[in-house]
Amino acid sequence: MDPESESRVEGVHKFGSWALNNLQEGSLGLLTFREAPQALQPILATESDSQLDLEALHYTGSRSQPRASPEAAAGLKSADDAEPGGLNAEMNSEEHDLRGNVLAKAPLRLYDCENEVLKDQQTYLQETGHTIPPYLVVSQVWGEIKHQMILPTVEWPVAISDPAKWDTILAYCKADKRVKWMWMDAICINQSNSPEADEEKAVEIPKMNHYYRGAVACLVVPSDYLNFPLAHARLVDLSYNIMDANASVQDNAPRIWESIAVLDAVIGDEWFWRVWTYQEFCYQTNISSLMDKNCASIYYDAYWTGGTDYDFIHPGNELVISAPRNWQTRNLHFQMKEELEQNGHVNLISLIWQISHRQSMYPVDRLLGLYGLLSDEEKVPINPSEASDHNSSTAALESMWERMMAKAIMSGRVWSLLHDSPEPDAVDGKHWMPHITAPNLWNERFPGAALAGLHPETLHHHNQKDIKIADNGLHIAVRFVGCVMGMSTDIGDGGGEMNKITFCTWFLTANGCNTDPIIQQLQHGLATSDMVASNEIQSSQEALFAALHASSYSELMGEMDFGRKLTYGNKIMGWNKRVLCFQIEGHRTPFVVLAWIHCSSPPKMGDCWIVDVTSEPAQTVRRWIVVNKVGPKTFRKIGTVRAWQPIGAILNQSSVRIILD
């Protein structure tokens, strides 16, 4: 080694010793390490798997159905054995099946707007020759309920804020001579307080997607139905004159700013913030004009950076926007519409996160209101008591959610383990289960702690080994990736917090750790950051790599502008992050990753592990979980981390049965 290199290495080691001592003494408090690496011993107590399995309780429902036995198969009649008239019988059977399909998608009731009469399925199908007639579906928000409206032929009172709103709806439907039929949940689903009504709701709610899809159009009735149309028309006109005409957003900034009250009137309407209206938005393509993404994006583009520098903006003296939540962070609903059109359904976890800011009168509506958007493999039967749960308790919501999570995991789909949605106060045995309320962005118990982290790349991950759910947790076969030997403090959001990540990465690089995994994560953050222009991505990534391999701390500090850029990077931004240093069995050099770990559950040094919960080829796995050992064979999930494919190639492929608490 040449003298210059020796001097550099000596300087790094001296700085490393100084930094390590100072960090451990709390001067900076960023990193903590075990005193010395210990042998990797993920396993566990010596009791046999058979003893472990004896404790497990199979969840009702199997991943596969048994094949028909030869005896059963032999009992089926062949075509040659068919009775006389078999062809006619087959035709009658086809006709019966066709009629059955019609009935399955036909609304239980439709309202005859022409005659102002509610008619049941049998009655209106007789009138239409047993075909579903063209009908409008009404998507409405009643607002504050002030009246119980009585309509002829409707056997239950219709809750409404203003009877004039119903008159407006009916007048519109009557004026449209193309369609005489209308479906609206408050009128066409029994709203009375009775066991029969509860059973009807449990059956009808899962069918509502068919009703929205089958309608010729969707009539949206906003909460402020009198003023909304004018505000929406002005917003569409603005979009047409600027975005569609390819005019400069910046050149039109004053004009856009002057009309921001119009945007507020549209997106601030209660219709955009209710759970039940979301699936109606997704299923009807012509609704998208109500909140065209171009309309919103012109405001976003004009004021995302440097908005307060405009001399015509006075944020201290004027209300910019009063919508109940940050509208720009929820532009994902257009992607949801595309996913629905392509697949016929939307992923459950992503959907729960997407509607987390929306409001519902009752907690259970958080699932019932979006049930029609889910695939059949994610749905569970709705209990009548759940469909009519009109109290503030979350018991019905949580019961339904637990059945859905159990169904997913028992089918071998492990995406529910690979998202970041913990419940720190869960009862023992259920910490593994993502919590229905966790996707809320903020939690009062942990101020400033963003709870949800979504990882759609894990949706197709499976574990085909035997999985069981017991009172003490989830019994599952996993692969141990490595033992955590060092960790940073909890890292939050913002440029200063991002600088902590880059410092930890530089320090661990200088001390001989393999930081390629975390550097790849940070480079991905730059590639997805709003603060990095597309033509600057590669140069920014190269500059970051050079800075993290700098020979001195001062050289690194000269590049600390990365903190601002990384703040807006995908999978980098947000709270609840830790830099983890872990060691793989049989490999001396530790690896470094950036993990998502909730601030309420820090890693237990020496008993913290990174685990692969899939049974797929290790090189193809996209995400691992981070667990603390809490018992002889029991581990508790505390977070997740992005998998690094080169590590998968050197892992021990054997699996170990554990219990996830």
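Described below are features of the structure shown in this document. Since we're looking at a predicted model, the values are computed, not measured.

For the chain, the helix and strand inventory stands at 25 helices and 16 strands. The 661 residues of the chain split such that 50% are buried. Here the contacts in the chain between residues at least 6 apart in sequence split such that 73% fall between residues at least 24 apart. Split by element, the accessible area of the chain, about 31100 Å² in all, is 51% carbon and sulfur.

Let us now look at the pattern of salt bridges. Following the criterion strictly, the structure yields 15 salt bridges and no others. Across the salt bridge formed by aspartate 466 and lysine 468, the nearest N and O atoms sit 3.6 Å from each other. By relative accessible area, lysine 468 is classed as buried at 9%. Because the salt bridges share partners, they merge into one network encompassing Asp112, Lys119, Glu127 and Lys180.

One recurring pattern in soluble globular proteins is that nonpolar side chains are buried together. One finds Trp166, Trp183, Ile187, Leu367 and Leu660 to be the most contacted residues of the largest nonpolar core, which totals 111 residues. In contact with leucine 660, other than residues within four places in its own chain, are Leu417, Trp432, Gly473, Leu474, Ile476, Ile625, Val627 and Phe635. The next biggest cluster of nonpolar side chains, apart from the first, holds 29 residues, and it includes Leu508, Leu548, Leu556 and Cys581.

A few words on the pairing of strand S10 (residues 473-488). Of all 16 residues in S10, 16 are buried; the element is thus mostly enclosed. The sheet contact formed by strand S9 (residues 468-470) and S10 spans three bridges and is antiparallel. Within S10, the residue paired with isoleucine 469 across the bridge is leucine 474. Between S9 and the antiparallel strand that follows it, S10, lie two residues. Relative to strand S16 (residues 656-660), S10 is paired through five bridges, and the arrangement is antiparallel. Directly across from isoleucine 476, in S16, lies its bridge partner isoleucine 658.

With that settled, consider helix H19 (residues 395-410). Helical geometry note: an α-helix holds 3.6 residues per turn, so side chains three or four residues apart project in the same direction. Taking 1.5 Å per residue as the helical rise, H19 with its 16 residues ought to reach 22 Å, and the 22 Å between its terminal C-alpha atoms agrees with that figure. Among the residues of H19, Ala396, Leu397, Met400, Trp401, Arg403, Met404, Met405, Ala406, Ala408, Ile409 and Met410 are the ones counted as buried. Buried residues along H19 sit against helix H16 (348-354), helix H17 (365-368), helix H18 (384-387), S9 and S10. One or two residues past the end of H19 sits glycine 412, with phi positive at roughly 90°.

Okay, the layout of surface pockets next. In this structure, the second largest pocket spans a volume of roughly 1000 Å³. Asp185, Gln191, Trp276, Met361 and Tyr362 are, among the 36 residues lining the second largest pocket, the residues nearest its centre. With three residues, the single largest contributor to the lining of the second largest pocket is helix H13 (residues 276-283). Taken together, the residues of the lining of the second largest pocket break down into 17 nonpolar, eleven polar and eight charged.

Here the phi dihedral of glutamate 116 falls at roughly 55°; this positive angle occurs in a residue that is not glycine. Here glutamate 116 is to be found in the loop between strand S2 (109-112) and strand S3 (117-120). Judged by relative accessible area, which is 34%, glutamate 116 ranks as partly exposed. Positive phi is not limited to glycine here, since threonine 153 has a value of about 75°. Positionally, threonine 153 belongs in the loop between strand S5 (147-149) and strand S6 (158-160). Taking the relative accessible area as the measure of exposure, threonine 153 reaches 44% and is therefore partly exposed.

What follows covers helix H10 (residues 228-242). Compared with the 21 Å implied by 1.5 Å per residue over 15 residues, the 21 Å span of H10 between its first and last C-alpha is a close match. Every buried residue belonging to H10 is among Phe228, Ala231, His232, Leu235, Leu238, Ser239 and Ile242, and all of these are buried. Down the axis of H10, the buried side of the element spans an arc of 120°, and every buried residue falls inside it. Exposed side of H10, more than 90 degrees from the buried face: Leu230 and Tyr240 are the residues found there.

Applying the stated rule across the entire model yields twelve aromatic pairs. With 6.0 Å between their ring centres and 40° between their planes, phenylalanine 503 and tryptophan 506 make a pair best called tilted. Residue phenylalanine 503 and its partner tryptophan 506 are both found in helix H20 (residues 495-510); the two are separated by three residues, about one turn of the helix. We classify phenylalanine 503 as buried; its relative accessible area is 5%. A relative accessible area of 2% means that tryptophan 506 is categorised as buried. Through a chain of ring-to-ring contacts, three or more aromatic side chains come together here, namely Trp183, Tyr211 and Tyr212.

If you walk across this open sheet you meet the five strands as S3-S2-S7-S4-S8, and the pairing is mixed. Since the sheet does not close on itself, it has two edges, and those belong to S3 and strand S8 (217-221), each with one partner. The sheet shows a mean angle of 35° between the axes of neighbouring strands, taken without regard to direction. Judged from the five bridges that link them, strand S4 (residues 135-140) and S8 form a sheet pairing that is parallel. Looking at the pairing, serine 139 lines up with valine 220 of S8.

Of all five residues in S16, five are buried, a share of seventy percent or more. Inspection of the sheet shows strand S15 (residues 634-642) paired to S16 by two bridges, in the parallel sense. Bridge assignment links phenylalanine 635 to a residue of S16, and that residue is leucine 660.

Rules of the game
- Residues numbered from 1 in each chain as written.
- Predicted model: local features only at pLDDT ≥ 70, side-chain atom pairs only at ≥ 80, totals over all residues.
- Heavy atoms only, no water.
- Helix = DSSP H or I, 4+ residues; strand = E, 2+ residues; numbered from the N terminus.
- Buried < 20%, exposed > 50% of the residue type's maximum accessible area, 1.4 Å probe, protein only.
- Contact = heavy atoms within 4.5 Å.
- Areas by Shrake-Rupley, 256 points an atom, 1.4 Å probe, with all protein chains shown as cover.
- Salt bridge = Lys/Arg side-chain N within 4 Å of Asp/Glu carboxyl O.
- Core = buried A, V, L, I, M, F, W, Y, C linked by side-chain atoms within 4.5 Å.
- Pairing = 2+ DSSP bridges.
- Expected span 1.5 Å × (residues − 1).
- 1 Å grid on protein atoms, 1.4 Å probe; cavity = no way out; pocket = protein on both sides within 12 Å on 5 of 7 lines; lining within 4 Å.
- Points joined across faces, edges and corners; volume = space filled by probe spheres on them.
- Nonpolar A, V, L, I, M, F, W, Y, C, P; charged D, E, K, R; others polar.
- Arc of directions from axis to C-beta.
- Phe/Tyr/Trp six-rings, centres within 6.5 Å; stacked < 30°, edge-to-face > 60°.
- Axes fitted to C-alpha atoms, helices over the stretch in contact; angles between N-to-C directions.

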